[in-house]
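Reading the structure
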Amino acid sequence: HTRYPLVTGVQTCALPIFGEVPEHWETGKIKHYFRTTSGSTPNSDKPELYYTTEEDEQATPWIRTTDIDNDEVIAAAVFITPKALDDTACKVLPVNTVLVALYGGSGTVGKNGILKIHAAVNQALCGILPSPKALPEYVHKYIQFLRPFWMERAVSARKAGNISQELVGDTTFPIPPLQEQTAILRAIEEKLEELDELRSEEHTSELQSRVDISYAV
């Protein structure tokens, strides 16, 4: 199991849901450490100009909220042309950009993914571009941690229940040293593996109980 360094002092993080963090961590806003961006939707009335197929060598994958599921993004269902990039706010984002869904109410707001392909996005997604300050996987896990709070905000909103790129940029982001980010990710993976094992054991136990009941009957 992961060994953790001794924490000798803590500071109060500006994000109430996060609480205290070690005093040697940096704490600022996402916009202080990362560039954020969004995209656009090319005119669907002109598909011959703006949309193409995966087989087109000049095609760019175009990611929508329906293409992300809180995991790695390795494929797209829709592809756009170079002219779409020229005529709209779409731009090609680099691998390891972390995506956040801005629109769609509590069921969609905060959905996330991490690009493992170069791709453009629509206006319903915010892209947090890679930075040397943080490991991409650490950024993604932190965004996953934030999702329930953004969902709650969407539920309580009077209007459509959306969040904005500005809100994402203004969100507090704690940054440990890179070595500690690696340790945190390793610890998370260990816990997730333990949960998977427990779920597997519970499922096996449930199936066994059903078998026992069927024989008893």
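Presented here is an overview of the structure given in this document.

Reading the values: the criteria
Each chain carries its own residue numbering, running from 1 in the direction its sequence is written. Only residues with pLDDT of at least 70 are given local features in this predicted model, and only at 80 or more are side-chain atom pairs given and counted; all residues enter the totals for whole chains, interfaces and linings. The side-chain figures draw on all heavy atoms in the structure; neither hydrogens nor water molecules are used. Two strands qualify as a pair provided that DSSP identifies no fewer than 2 bridges between them. Working definition: helices are DSSP H or I runs of at least four residues, strands are E runs of at least two. Numbering for both runs from the N terminus. Patch rule: a residue counts if its relative accessible area is over 30% and it has no salt bridge; like charges are joined within 9 Å, and nonpolar side chains (Val, Leu, Ile, Met, Phe, Trp, Tyr) within 5 Å. Per-residue and other accessible areas follow the Shrake-Rupley method at a 1.4 Å probe size, with only the shown protein chains counted as cover for residues. In what follows, salt bridge is the name for a side-chain nitrogen of Lys or Arg lying within 4 Å of a carboxyl oxygen of Asp or Glu. When charges are counted, Lys and Arg are positive and Asp and Glu negative, with His and the chain ends excluded. One atom stands in for each charge, and that atom is NZ of Lys, CZ of Arg, CG of Asp or CD of Glu. For each residue, the accessible area found with a 1.4 Å probe, counting protein chains only, is set against the maximum for its type, and the residue is called buried under 20%, exposed over 50%, and partly exposed in between. In this analysis, the protein atoms alone were mapped onto a 1 Å grid. Cavities are point sets where a 1.4 Å probe fits without being able to get out; pockets are open sets with protein on both sides within 12 Å along at least five of seven lines; lining residues have an atom within 4 Å of a point. Grid points are joined across faces, edges and corners, and a volume is the space filled by probe spheres set on the points. Gly is put with the polar residues, along with every residue not named as nonpolar or charged; the nonpolar set is Ala, Val, Leu, Ile, Met, Phe, Trp, Tyr, Cys and Pro, and the charged set is Asp, Glu, Lys and Arg.

With respect to the sheet that holds strand β12 (residues 125-128)
Read from one edge of the open sheet, 5 strands run β4-β12-β9-β10-β7, paired in mixed fashion. Either end of the sheet is taken by a strand with one partner, and the two such strands are β4 (36-37) and β7 (71-73). Pairing of strand β9 (residues 98-101) with strand β10 (residues 112-115), which is carried by 3 bridges, proceeds in the antiparallel orientation. Note that in β10 the partner of V100 across the bridge is N112.

Points about the sheet that holds strand β5 (residues 51-52)
Taken together, 4 strands build an open sheet; the order of strands is β5-β8-β6-β11 and the sheet is mixed. Only two strands of the sheet have a single neighbouring strand rather than two, namely β5 and β11 (120-121). In this structure, strand β6 (residues 60-63) lies alongside β11, joined through 2 bridges in parallel fashion. Across the sheet, I63 pairs through a bridge with V121, a residue of β11.

What to know about a negative patch on the surface
Together, E193, E197, E201 and E202 line one region of the surface with negative charge. Turning to its location among the elements, E201 is positioned in helix α6 (residues 178-216). Residue E201 is classed as exposed on the basis of its relative accessible area, which comes to 51%.

Side note on empty space enclosed by the protein
Scanning all chains against the criterion turns up 1 cavity of 30 Å³ or more. Its volume calculated, the largest cavity comes out at about 40 Å³. Taken together, F34, N96, V98, I128, L129, P130, S131, A134, P136 and V139 form the lining of the largest cavity. Classifying every residue of the lining of the largest cavity gives 8 nonpolar, 2 polar and no charged.

Details of the pattern of salt bridges
For the structure on display, the rule yields 9 salt bridges. For the salt bridge of K29 with D170, the shortest nitrogen-to-oxygen distance reads 4.0 Å. A residue pair is termed long-range when its members are at least 10 positions apart, and K29 in strand β3 (residues 26-29) and D170 in helix α5 (residues 165-170) qualify at 141 residues. Judged by relative accessible area, which is 28%, D170 ranks as partly exposed. Close ionic contact of D196 with R199 constitutes a salt bridge, the shortest N to O distance being 3.2 Å. In this pair, D196 and R199 both sit in helix α6, 3 residues apart, roughly one turn of the helix. Each of K29, K31 and D170 takes part in a single network of salt bridges with overlapping partners.

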